[in-house]
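Summary of structural features
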Amino acid sequence: MKMEIMTNIFLGDSKEKLKLLSDNSIDLIVTSPPYADQRKNTYGGIPPDKYVDWFLPISKQLLRVLSPTGTFILNIKEKVMEGERSTYVMELIIAMRKQGWLWTEEFIWHKKNSYPGKWPNRFRDSWERLLQFNKQKHFNMYQEKVMVPMGSWAKTRLKKLSDTDKIRDNSKVGSGFGKNISNWLERDKAYPTNVLHLATECNNKNHSATFPEELPEWFIKLFTKENDTVLDPFMGSGTTLIVANKMKRNSIGIDIVPEYIEMVRKQLRPVEIHFLEPKGTYEKIKSERRNAVCRAKYRNISSKTYSKS
Ligand SMILES: C[S@@+](CC[C@H](N)C(=O)[O-])C[C@H]1O[C@@H](n2cnc3c(N)ncnc32)[C@H](O)[C@@H]1O
């Protein structure tokens, strides 16, 4: 079966460029905006006390373009200023809820390879937030696509089941959740936790803050199916788009820096024709690409601008 997979890249400010997209047209947004006051030298930094005001017009557009069954994953982390964690992310969550978003879940990205260091009053920062927002309580979620091997836990814990483990054990805190552990006895796969253990990307993509490919890949598997559309309004080196394209999802990226647009354009064709292939093909492409990326040095990027708007 033949399938056309489209990639659209826009040069400019997301606040404006998002207005070009149709209502309810996006199935998944995965993005990492500039964090407050960080990377000023590369692409500017927004002061923490201005962050919410800066982000809300963008999230208003994201709310408009996201399909009612779609999901928005926002990677962000507040930094330490004058010995204290800033609160702008919490303020942003509250403001986005007032804007109409549901704050459905918070995943943790555990950065397995964070640099060692010594600070007088804290330890090294090894995790970032992956906030999940939705428009409604019922959204598309393909949980079976991210199942993990049951692992050694099954061999130890499941062998010694108590009587409570064999019946549905309702939560003692009245959350309405319950579990019957014996249901998992014969299974070799389990649903994952909300912690993603991923190494940060090796610094070789001509961009200072790239996602590891496994990060968008995991959310694309979980929240979309082939031929759906994925948006990254702060595209950077285009990791989200490149992964989406390989996974046969349409993708849209926006970035304000012409060099990043050019870099991504060189790696992606606007229309790719895919033929449905046996499962597992993406895993093979991914490992081949990782080897190639880690060996090769990128060419110098010209500052020619490119926009499909
Ligand atoms: C943290 S980086 C994203 C990195 C990306 N996840 C990757 O894997 O390469 C944030 C990006 O947002 C872009 N950016 C900053 N302000 C923007 C704006 N107002 N509109 C669009 N892009 C913007 C920056 O140029 C930068 O590339």
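The model shown is predicted, which means the values in this text are computed figures rather than measured ones. (Residues numbered from 1 in each chain as written. Predicted model: local features only at pLDDT ≥ 70, side-chain atom pairs only at ≥ 80, totals over all residues.)

Description of the overall build of the protein chain
Each helix and strand in the protein chain was counted, giving ten helices and 15 strands. In the protein chain, which comprises 309 residues, the proportion classed as buried is 31%. In the protein chain, of all internal contacts separated by at least 6 residues, the share reaching a separation of at least 24 is 72%. (Helix = DSSP H or I, 4+ residues; strand = E, 2+ residues; numbered from the N terminus. Buried ≥ 20, exposed ≤ 12 C-beta atoms within 10 Å, placed from the backbone. Contact = placed C-beta atoms within 7 Å.)

Let's talk about helix H3 (residues 48-65)
Given a rise of 1.5 Å per residue, 18 residues ought to cover 26 Å, and the 26 Å separating the end C-alpha atoms of H3 matches this to within 8%. A maximum bend of about 30 degrees is found in H3 at leucine 56, where proline proline 57 lies one to four positions downstream. Every buried residue of H3 is accounted for by Tyr51, Phe55, Ile58, Ser59, Leu62 and Val65. Residues of H3 that are buried sit in contact with helix H1 (14-17), strand S2 (26-31), strand S3 (66-76) and helix H4 (88-99). (Expected span 1.5 Å × (residues − 1). Bend = angle between axes of the 7 residues up to and from the residue.)

Examining the nonpolar core
Core analysis: the biggest nonpolar cluster contains 54 residues, and Leu28, Ile29, Phe219, Ile220 and Val264 have the highest contact counts within it. Here phenylalanine 219 is in contact with Leu28, Val30 and Ile73, once residues within four sequence places are set aside. (Core = buried A, V, L, I, M, F, W, Y, C linked by C-beta atoms within 7 Å.)

Quick word on helix H9 (residues 258-267)
Regarding H9, the residues found buried are Tyr260, Ile261, Met263 and Val264. For H9, the arc enclosing every buried residue in end-on projection is 165 degrees, short of the 170-degree limit, so these residues lie on one face. (Arc of directions from axis to C-beta.)

What to know about the packing of H3 against H4
Orientation of H3 relative to H4, taken along the N-to-C sense of each, is 35 degrees, at an axis distance of 10 Å. Crossing of H3 against H4: the hand is right-handed. Where H3 approaches H4, its residues Pro48, Tyr51, Val52, Phe55, Leu56, Ser59, Lys60 and Leu63 are matched on the opposing element by Tyr88, Glu91, Leu92, Ala95, Met96 and Gln99. Its residues placed into classes, the contact of H3 with H4 shows ten nonpolar, two polar and two charged. (Axes fitted to C-alpha atoms, helices over the stretch in contact; angles between N-to-C directions. Left-handed = near helix turned anticlockwise from the far one by under 90°. Nonpolar A, V, L, I, M, F, W, Y, C, P; charged D, E, K, R; others polar.)

Quick word on the pairing of strand S13 (residues 229-232)
The alternating pattern of S13 places Thr229 and Leu231 on one face and Val230 and Asp232 on the opposite face, and all of these are buried. In the sheet, S2 pairs with S13 via two bridges, with the strands oriented parallel. For leucine 28, the partnering residue across the bridge sits in S13 and is valine 230. In the sheet, S13 pairs with strand S14 (residues 250-255) via four bridges, with the strands oriented parallel. Residue pairing in the sheet places aspartate 232 in a bridge with glycine 253 of S14. (Pairing = 2+ DSSP bridges.)

A few points about unusual backbone geometry
A positive phi is found at asparagine 24, a non-glycine position, where the angle reads about 55 degrees. Here asparagine 24 is to be found in the loop between H1 and S2. In this structure asparagine 24 comes out as partly exposed when scored by C-beta crowding, with 14 C-beta atoms within 10 Å. Residues other than glycine seldom take positive phi values, yet lysine 248 does so here, at roughly 65 degrees. On the secondary structure map, lysine 248 appears in the loop between helix H8 (239-246) and S14. Taking the C-beta count within 10 Å as the criterion, lysine 248 has 21 such neighbours and is therefore assigned buried.

Digging into the environment of leucine 241
Relative to the helices and strands, leucine 241 is located in helix H8. For leucine 241, a count of 27 C-beta atoms within 10 Å gives the class buried. Not counting residues within four places of it along the chain, the set of residues in contact with leucine 241 comprises Thr7, Asp232, Met235, Ser251, Gly253, Val264 and Leu268.

Digging into the confidence of the model for the protein chain
Detail in the predicted coordinates should be disregarded across regions flagged by low pLDDT. For the protein chain, per-residue confidence averages 83 on the pLDDT scale, and 78% of positions sit at 70 or higher. Contacts of residues 278-282 to residues separated by more than four positions or lying in other chains number two contacts, the stretch itself having pLDDT below 50. Note that pLDDT drops below 50 for residues 287-309; the model gives that stretch 30 contacts with residues more than four away or on any other chain. (pLDDT = per-residue confidence, 0-100.)

Digging into the pairing of strand S6 (residues 102-111)
Note that S6 and strand S7 (residues 127-134) share eight bridges and pair antiparallel. Bridge assignment links histidine 110 to a residue of S7, and that residue is tryptophan 127. Note: S6 against strand S12 (residues 195-198), four bridges, orientation parallel. Within S12, the position partnered with isoleucine 108 by the bridge is valine 195.

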